[in-house]
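Notes for the structure review
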Amino acid sequence: FLQYIWYYSKMNIKTVKTRVLKPPKDDLLLAIRKSIKKLPEKSIVVITSKVVSIWQGRCLKMQENLKKDNLVIKEADFYLPRSFVPNAWCMHTLKNNIFIPSAGIDESNAAGFYILWPKGLKTTTKNLWSWLRKTYKVKNLGLIITDSHTIPLRRGVMGISLSHYGFEPLKDYRGKPDLFGRPFKMTQTNIADGLAAASVVLMGEGSESTPIAIIEDIPFVRFTSKPFKTRKPFSSFEIKTKEDLYYPLFSSVPWKKGGKIKNS
């Protein structure tokens, strides 16, 4: 029993300090090469979306004629006006099949810029994953691009995976017996978001300047060089809105269609 506990508790997360990447555009790949000398096999690299956006130049200078709400509407797939939110704190949005405030647009640690989400998240994640494998000569590697989000009825933010590549993001318990022999009917573990949340806690939200983390010794992760696909029903990582457990809540508010941006 003690050996079992040790095996599953040895996962290790190390944060990586880099120089400050400055908006509106900076070289993320150079910063990675200078800060990371080696990547171990069967590790997962976690990178905050903000530095990916800066690398892409997805930054807009704050100006009087550039209203954030108008920018949110343009970036969101669907949005709720501030009037529907207590104290008008933010605009709730759906973007890239993720429920997120303000379409992910960030003003913190931004040096007077609005920083948008990375463009073409899935393609960008795969390209970064390929570059990391080639640069550090590793075969089994995962990559997670993260952001912070809020959870209903909980104060504070926590990390979420915006995109991932190189590993299977779900662990399926359905059909397997629980402690008393009853087969699981619905339970699947969300590995991608769980690892993102654990990493972002260590990476921080302030002036830590640790936008990258490396996760090692992850015995429950299955690495793959192909996009995650499954033929089993109700097994996709992303869920269509009408299939979601919380659809009654999503469908009860008057969403407005935003300026949809193609997600490659």
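For the structure, check the block above.
Position numbers for residues count from 1 along each chain, tracking the sequence in the order it is written. pLDDT decides what is reported in this predicted model: residues at 70 or higher carry local features, side-chain atom pairs at 80 or more are listed and counted, and totals for whole chains, interfaces and linings draw on all residues regardless. For side-chain calculations, the full set of non-hydrogen atoms in the structure is used, while hydrogens and water are omitted.

1. Quick notes on the pairing of strand β8 (residues 141-150)
Partly exposed residues are those whose accessible area sits between 20% and 50% of the maximum for their type, while under 20% is buried and over 50% is exposed, using a 1.4 Å probe and protein chains only. Strands here are runs of E lasting at least two residues and helices are runs of H or I lasting at least four, both read from the DSSP assignment and numbered beginning at the N terminus. Across the 10 residues of β8, 8 count as buried, placing the element largely inside the fold. Pairing analysis gives 6 bridges linking strand β2 (residues 43-48) to β8, with the strands arranged parallel. Its bridge partner being in β8, serine 43 is matched across the sheet by leucine 141. Between any two strands, at least two bridges found by DSSP are needed for them to pair. Bridge count for β8 against strand β9 (residues 157-165) is 8 bridges, and the pairing is antiparallel. The partner of threonine 146 across the bridge, within β9, is serine 161.

2. Overview of the sheet that holds strand β13 (residues 256-257)
The sheet built from 4 strands is open, its strands ordered β6-β5-β4-β13 with antiparallel pairing. Whereas interior strands pair on both sides, the edge strands pair on one side only; in this sheet they are β6 (98-101) and β13.

3. Notes on a nonpolar patch on the surface
A patch consists of residues whose relative accessible area exceeds 30% and which take part in no salt bridge; residues with like charges are grouped when within 9 Å of each other, and nonpolar side chains (Val, Leu, Ile, Met, Phe, Trp, Tyr) when within 5 Å. For the area figures, the Shrake-Rupley method with a 1.4 Å probe applies, and any residue is considered shielded solely by the protein chains shown. Salt bridges, as used here, are contacts in which a Lys or Arg side-chain nitrogen is within 4 Å of a carboxyl oxygen on Asp or Glu. A cluster of nonpolar side chains, contributed by Met186, Leu245, Tyr246 and Leu249, occupies part of the molecular surface with about 520 Å² of accessible area. Looking at the element boundaries, leucine 249 is found in helix α7 (residues 247-250). Judged by relative accessible area, leucine 249 falls into the exposed class, the value being 58%.

4. Describing the nonpolar core
Put simply, buried Ala, Val, Leu, Ile, Met, Phe, Trp, Tyr and Cys residues joined by side-chain atoms within 4.5 Å make one nonpolar core. Formed by 35 residues in total, the largest nonpolar core has its most connected members in Ile32, Ile36, Leu39, Val45, Ile47, Leu132 and Leu143. Here, two residues are considered to be in contact whenever any of their heavy atoms come within 4.5 Å of each other. Sequence-distant contacts of leucine 143, that is, excluding residues within four places in its chain, are made with Ile44, Val45, Ile47, Thr125, Leu128, Trp129, Leu132, Ser163, His164, Tyr165 and Phe167. With 15 residues, the next largest nonpolar core counts Ile144, Ala196, Ile215 and Val221 among its residues.

5. A short note on unusual backbone geometry
Cis geometry is found at the peptide bond from proline 23 to proline 24, where omega equals 10°. Topologically, proline 24 is positioned in the loop between β1 (12-16) and α2 (28-35). If you check the backbone angles, asparagine 87 has positive phi at about 60° while not being a glycine. Within the secondary structure layout, asparagine 87 lies in the loop between β4 (78-79) and β5 (92-95). The class for asparagine 87 is exposed, based on a relative accessible area of 61%.

6. Remarks on the packing of aromatic side chains
Two aromatic rings, taken as a pair, are described by how far apart their centres are and by the angle between their planes. Any two of the Phe, Tyr and Trp rings considered here, Trp counted by its six-membered ring, make a pair once their centres fall within 6.5 Å; the pair's planes then place it as stacked at under 30 degrees, edge-to-face at over 60, or tilted in between. Inspection of the entire model under this criterion finds 6 aromatic pairs. Arranged with centres 5.4 Å apart and planes meeting at 85°, the rings of phenylalanine 99 and phenylalanine 250 form a pair that is edge-to-face. Of the two residues, phenylalanine 99 is situated in strand β6 and phenylalanine 250 in helix α7; the sequence distance between them amounts to 151 residues. In this structure phenylalanine 250 comes out as buried when scored by relative accessible area, which is 18%. For the pair tryptophan 129 and tyrosine 165, a centre-to-centre distance of 4.7 Å together with 55° between the ring planes defines the contact as tilted.

7. Re the packing of α2 against helix α5 (residues 121-136)
Every axis corresponds to a line fitted to the C-alpha atoms, with the helix fit spanning only the stretch in contact, and the corresponding angles, defined between N-to-C directions, vary from 0 to 180 degrees. Relative orientation of the contacting elements α2 and α5 amounts to 35°, with a least axis distance of 12 Å. For the pair α2 and α5, the crossing hand works out as right-handed. Contacts between α2 and α5 involve Leu29, Ile32 and Arg33 on the former and, on the latter, Leu128, Trp131, Leu132, Thr135 and Tyr136. Throughout, a crossing is termed right-handed when the near helix is turned clockwise from the far one, and left-handed when it is turned anticlockwise from it by less than a right angle.

8. So, the side chain of aspartate 172
By the element assignment, aspartate 172 lies in strand β10 (residues 170-172). Polar contact is defined as a pair of N or O atoms within 3.5 Å, subject to the rule that within protein one atom must be able to donate a hydrogen and the other to accept it, and that residues adjacent in sequence are counted only when both atoms are side-chain atoms. Here the side chain of aspartate 172 touches arginine 174 through a polar contact of 2.7 Å, side chain to side chain. Contact partners of aspartate 172, with chain neighbours within four places excluded, come to Thr187, Gln188, Lys232 and Ser235.

9. Section: α2
Taken together, the buried positions of α2 are Leu28, Leu29, Ala31 and Ile32. Projected onto a plane normal to the axis of α2, the buried residues spread over an arc of 160° and lie on a single side. Structurally, α2 contributes buried residues whose contacts are with β2, α3 (49-56), α5 and β12 (212-216). For α2, the side-chain oxygen to backbone nitrogen distance between the N-cap and leucine 29 is 3.2 Å, and the N-cap itself is aspartate 27. The arc refers to the directions leading from the helix axis to the C-beta atoms.

10. As for the sheet that holds β1
With respect to topology, 5 strands assemble into an open sheet ordered β1-β12-β2-β8-β9, the strand pairing being mixed. Strands at the two margins of the open sheet, each flanked by one partner only, are β1 and β9. Adjacent strand axes in the sheet meet at a mean angle of 30°, parallel and antiparallel pairs treated alike. In terms of strand pairing, β2 meets β12 through 4 bridges, oriented antiparallel. For valine 45, the partnering residue across the bridge sits in β12 and is isoleucine 214. The strands that α3 touches are β2, β8 and β9; relative to β2, the one it contacts most, it runs at about 65°.

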